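What follows is the residue order along each chain.
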Amino acid sequence: MLLDSQPRIRLMGGETPLEPAERLSRMLGIPLCFKRDDLMSLGMGGNKVRSLEFWLGEALSRGCDTILVGGLPQSNLCRLTAAACAKAGLSCIIVHNAAQPAHGSVPQGNALLNRLMGVQTLYCGPVDEHRRMGFIRQQAASLCSLGKKPYIIGDPVTGALGYVAAALELCAQAGRLTLQVPLRHIFISASAGPTETGLLFGLCLTGGVTVHLVSVEYDEATFWSIADEIFAGLEQRLGIRPPLRPREIARFYGQYLGNGYGVPTPGALDAVRTLARAEGIFVETVYNAKVLHGLLDQAHQGALPPDEGVCFYHTGGTPALFGQAAQFMEEI
Ligand SMILES: *Cc1c(COP(=O)(O)O)cnc(C)c1O
């Protein structure tokens, strides 16, 4: 198989559900289903688990014993790296690019879960990602001098392998799903790249599906410069060139981003409530609520044909919602 040559550890019990969203389908007049990567047994789940199967696989294949990961205090990546390390019996060090929280402040969401896992957490101050990586590299160097073997999480090509696998899983499930119509559209967030580029790669191999990329971070040109590089890295790593190119199967939406990464929009907050009330399913506001806003808006505009199956790819991150309560305070 395509991915058999790649070092991997198993962190998922099996497939995540692909399930019809019946009430929302009726409300929108399109056949809609959800891919539920928020439902995994490990660490409250989320897309990073799929990438961690390959990141930690690579770490173990290199004989590493200490995993370093960086992110903001509500990072899903940090929480799931800590959980995967707990399961794999590896040491984990989290680096947050934020100020150390005030003594006695109450952690919420992912920060609480990290605390419960007892993982070592360092704060390098409110710097950008580039500086955070510099700090992480320094930590890795000092671990080396103590005889440890550190591994830094984040190689985007390795992480994308998890979503090449997810694309194949989803296509196999779509063939079994009783949507009445074939699956033709997938909505997913466009952000740092590994998740959506891995998915695009897998779907460029299979064809037949349009990927609707809803930006939660970058403009289109910036996004594609990142995604093209990851895509080329996957071609090299896997030794295969998909017959389709990612732009041929993708549509990019910049109009649901609002004022930038992590800044909620009224449409996203509405989408959280709409989904909760229609289906009893929750999304956070950094990623999935903006994607859902895009899907709802495109459906309302009549841009999605009523005879073509649509999938909302839920990438998880739901624990972050508990750190976002203040965003809903005006009208909850
Ligand atoms: C990290 C994350 C994403 C984006 O994944 P990338 O591979 O970084 O683009 C989407 N959704 C959730 C919930 C995430 O935590």
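Above: the structure in question.
Not measured: the values here are computed from a predicted model.

Draft legend 1. Highlighting the sheet that holds strand 6 (residues 150–152). Strand order across the open sheet formed by four strands is 5-4-3-6, with parallel pairing between neighbours. On the outer flanks of this sheet lie strand 5 (120–123) and strand 6, each paired with one strand and no other. For this sheet, the mean inter-axis angle between neighbouring strands, taken without regard to orientation, is 25 degrees. Of the strand pairs in this sheet, strand 3 (residues 66–71) and strand 6 are connected by three bridges, and their pairing is parallel. Within strand 6, the position partnered with T66 by the bridge is P150. Lying on the sheet, helix 3 (residues 76–88) is in contact with strand 3 and strand 4 (91–96); it crosses strand 3 at an angle near 165 degrees.

Draft legend 2. Fine view of the sheet that holds strand 8 (residues 210–215). Taken in spatial order, the six strands make up an open sheet running 1-2-10-7-8-9, and their pairing is mixed. The open sheet has two free edges, formed respectively by strand 1 (18–20) and strand 9 (250–253), since each of these has just one partner strand. The sheet shows a mean angle of 25 degrees between the axes of neighbouring strands, direction not considered. Note that strand 7 (residues 183–190) and strand 8 share six bridges and pair parallel. Directly across from A190, in strand 8, lies its bridge partner S215. Packing of helix 6 (residues 156–176) onto the sheet brings it into contact with strand 1, strand 2 (32–36), strand 7 and strand 10 (309–314), and relative to strand 10 it is tilted by some 140 degrees. Its contacts with the sheet put helix 7 (residues 194–206) on strand 7, strand 8, strand 9 and strand 10, and the angle it makes with strand 7 is roughly 155 degrees.

Draft legend 3. Summary view of unusual backbone geometry. Even without glycine at this site, M44 takes up a positive phi of about 70 degrees. Its relative accessible area of 53% is what places M44 among the exposed residues.

Draft legend 4. Fine view of the pairing of strand 7. The buried fraction of strand 7 is high, at seven of eight residues. The pairing of strand 7 with strand 10 spans four bridges and is parallel. Considered in strand 10, the bridge of H185 is made with V310. In this region the chain leaves strand 7, passes through helix 7 and returns to the parallel neighbour strand 8; the handedness of that crossover is right-handed.

Draft legend 5. The pairing of strand 8, seen in detail. In terms of burial, strand 8 is largely enclosed, as five of its six residues are buried. The handedness of the strand 8 to strand 9 crossover, carried by helix 8 (residues 220–238), is right-handed.

Cut-offs applied
Just so you know, the residues in each chain are numbered from 1, in the order the chain's sequence is written. It should be noted that, the model being predicted, local features are given only for residues of pLDDT at least 70 and side-chain atom pairs only at 80 or more, the latter also being counted only at that level, while totals for whole chains, interfaces and linings use all residues. Excluded from the side-chain calculation are hydrogens and water; included are all heavy atoms of the structure. Think of it this way: DSSP has to see at least two bridges between two strands before they count as a pair. What counts as a helix is a DSSP run of H or I of at least four residues, what counts as a strand is a run of E of at least two, and both are numbered from the N terminus. In this analysis, axes come from line fits to C-alpha atoms, helices being fitted only over the stretch in contact, and the angle between any two N-to-C directions falls in the range 0 to 180 degrees. In this analysis, two residues are considered to be in contact whenever any of their non-hydrogen atoms come within 4.5 Å of each other. Partly exposed describes any residue whose relative accessible area lies between the buried limit of under 20% and the exposed limit of over 50%, with all areas from a 1.4 Å probe on protein chains only and scaled to the type maximum. Orient the strands so they point away from the viewer; a crossover is then right-handed if the path from the first strand over the helix to the second runs clockwise.

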